[in-house]
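A structural walkthrough
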Amino acid sequence: MQGRITQAVQAAGRDSDDVALIAVTKFFPLSDCQLLLEMGQVDFGESRDQEASEKIPDLRDWAQARGDNGTSDSRPFTTHFVGQVQSKKARSLARYVDVVHSVDRPKLVTALDRAVQHACEAGERSEGMGALIQVNFDSDAAADRGGVSPSEVPALAEKIARSDHLRLLGLMAVAPQGAQGQEAQEAFDSLAAACHDLKQVYPQANWMSAGMSGDLEEAINAGATHLRVGGAILGSRYPGR
Ligand SMILES: *Cc1c(COP(=O)(O)O)cnc(C)c1O
């Protein structure tokens, strides 16, 4: 896995320090997360609140207990939420998510901003939440997996930037359904262009979240700063299939 990334980074003439690997642990048990953490993994991605709202706090408790033995610091990992978010889940996400990658509507910005404020007041978190806008490059509207069209990015970015508790970090995309090779490359190149435009206005919003098990080479080539990889690290989520 690390070999694939290293190769792609070199082929693209990039620096490996500029590409972070988020281990997407959805459908994988706490024990896998603990193993990854022990191996030095620091970025974890989840996509279902029902599962993550138990697993991540458990992982944090476990890591903190380890920290008491002098083996680790008290906040040794970052939690990324990469799945579609229902507004009614905002309050739950605010308890354990550090960075949300899938902001795709103004109403969700309002809900998350308020939820983070409540969580801070309740002592459940001490800082704001990082936020990325999910951009959709899928021409097939029926395959709706969230995301705004590139033309909708500026208005949503402004709303996040004006919020009190969200920090605009950049853009995220998933390659169109079934896209591989050249087609994935084109989607990620479009995302890179949108990231470039965003940075002209918000220089600190420099994340480009792209690349999964099947297309991380294309994403690295396009300039991705954060890969979201599950299967290629942890194996199939569906043994036997
Ligand atoms: C599941 C998921 C991933 C990881 O996918 P793999 O194919 O397992 O690498 C990345 N991004 C999102 C949004 C996901 O839902």
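Residues numbered from 1 in each chain as written. Predicted model: local features only at pLDDT ≥ 70, side-chain atom pairs only at ≥ 80, totals over all residues. Heavy atoms only, no water.

Here's the deal with the overall build of the protein
Counted only if it meets this: Runs of E in the DSSP output that reach at least two residues are strands. Runs of H or I that reach at least four are helices, and both are numbered from the N terminus. In this treatment the radius of gyration is a C-alpha quantity, and the globule benchmark scales as 2.2 Å times the residue count to the 0.38 power. When accessible area is computed with a 1.4 Å probe and restricted to protein chains, residues below 20% of their type maximum are described as buried, those above 50% as exposed, and intermediate ones as partly exposed. Residue contacts are counted whenever heavy atoms from the two residues lie within 4.5 Å of one another. The Shrake-Rupley method, run with a 1.4 Å probe sphere, supplies the accessible areas, and residue values consider only the shown protein chains as cover.
Within the protein, the regular secondary structure consists of nine helices and eight strands. For the protein, the C-alpha radius of gyration of 17 Å lies close to 18 Å, the compact-globule estimate for 241 residues. In the protein, which comprises 241 residues, the share counted as buried stands at 48%. Taking as baseline every contact in the protein between residues at least 6 positions apart, the subset at least 24 positions apart corresponds to 60%. Roughly 11,600 Å² of accessible area belongs to the protein as shown, and the carbon and sulfur atoms make up 46% of that amount.

As for the site of the ligand
Threshold: Proximity is defined per residue: any heavy atom of the residue falling within 4 Å of a molecule or strand makes that residue near it. For the purposes of these results, a polar contact is taken to be a pair of N or O atoms within 3.5 Å, where, inside protein, one atom must be able to donate a hydrogen and its partner to accept one; residues adjacent in sequence count only when each atom of the pair is a side-chain atom. Just so you know the grouping, Ala, Val, Leu, Ile, Met, Phe, Trp, Tyr, Cys and Pro go in nonpolar, Asp, Glu, Lys and Arg go in charged, and all remaining residues, Gly too, go in polar.
Surveying the vicinity of the ligand reveals ten residues, the closest of which are K26, S213, R228, G230 and G231. K26 is positioned with one of its side-chain polar atoms (N or O) 2.7 Å from an oxygen atom of the ligand. Within the contact set of the ligand, an oxygen atom lies 2.8 Å away from a backbone nitrogen or oxygen of G230. Look at the ligand: alone it shows 390 Å² of surface, and the protein chains cover 83% of it. Of the residues belonging to the shell around the ligand, the class tally is four nonpolar, three polar and three charged.

As for the nonpolar core
Note on soluble globular proteins: their nonpolar side chains tend to be buried together. Cut-off, in case you're wondering: Here the nonpolar core consists of buried residues drawn from Ala, Val, Leu, Ile, Met, Phe, Trp, Tyr and Cys, with membership extended through side-chain atoms lying within 4.5 Å.
Grouped together as the largest cluster of nonpolar side chains are 65 residues, with contacts concentrated most on V100, I133, L171, L191 and L227. V100 has contacts with F81, V85, L112, M129, G130, A131 and L132, leaving out every residue within four places of it along the chain. Counting residues in hydrophobic clusters, the runner-up holds five residues, among them V99, L169, M172 and W207.

A few points about the pattern of salt bridges
The test is simple: A carboxyl oxygen of Asp or Glu within 4 Å of a side-chain nitrogen of Lys or Arg is what we treat as a salt bridge.
Under the counting rule described, the total for this entry stands at ten salt bridges. Here K55 and E51 are joined by a salt bridge, their closest N and O atoms 2.8 Å apart. With a gap of four residues between them, K55 and E51 both fall in helix α3 (residues 49-68), about one helical turn apart. Comparing K55 with E51 shows no difference in burial state: the two are buried. The closest approach of N and O atoms between E124 and R91, which form a salt bridge, is 3.1 Å. Of this pair, E124 sits in the loop between α5 (106-121) and β5 (129-134) while R91 sits in helix α4 (residues 90-96), placing them 33 residues apart in sequence. Residue E124 is classed as partly exposed on the basis of its relative accessible area of 33%.

Let's talk about the environment of S53
Inspection of the secondary structure assignment puts S53 in helix α3. In this structure the C-alpha to C-alpha distance between S53 and A224, which are 171 residues apart in sequence, comes to 27 Å. Not counting residues within four places of it along the chain, the set of residues in contact with S53 comprises S92 and Y96. Of the polar contacts made by the side chain of S53, one reaches the backbone oxygen of D49; its length is 2.8 Å. A polar contact of 3.5 Å, which involves the side chain of S53, links it to the backbone oxygen of Q50.

Brief notes about the environment of P150
The topology assignment puts P150 in the loop between β5 and α6 (153-162). On the basis of relative accessibility, which here comes to 38%, the residue P150 falls in the partly exposed class. Separated by 15 residues in the primary sequence, P150 and V135 place their C-alpha atoms 6.2 Å from one another. When near neighbours in sequence (up to four residues on either side) are disregarded, P150 contacts V135, N136 and F137.

Things to note about helix α1 (residues 2-11)
Owing to its 3.6 residues per turn, the α-helix aligns residues three or four sequence positions apart on the same side. Convention followed: In this context, the arc is that of the directions from the helix axis out to the C-beta atoms.
Taken as a whole, α1 has its buried residues at I5, A8 and V9. Buried residues of α1, seen end-on, are gathered within an arc of 100° and therefore sit on one face of the element. For α1, the exposed residues lying more than 90 degrees away from the buried face are Q7, Q10 and A11. Check the buried side of α1 and you find it contacts β1 (20-24), α8 (216-222) and β8 (226-229). G13 lies just past α1 and shows a positive phi near 65°.

With respect to the side chain of S163
In this structure, S163 sits in the loop between α6 and β6 (166-172). S163 sits in the buried class, given a relative accessible area of 14%. Within the local environment of S163, its side chain forms a polar contact with the backbone nitrogen of L166, the two atoms lying 3.2 Å apart. Once residues lying within four places of it in the same chain are set aside, the contact partners of S163 are V109 and D113.

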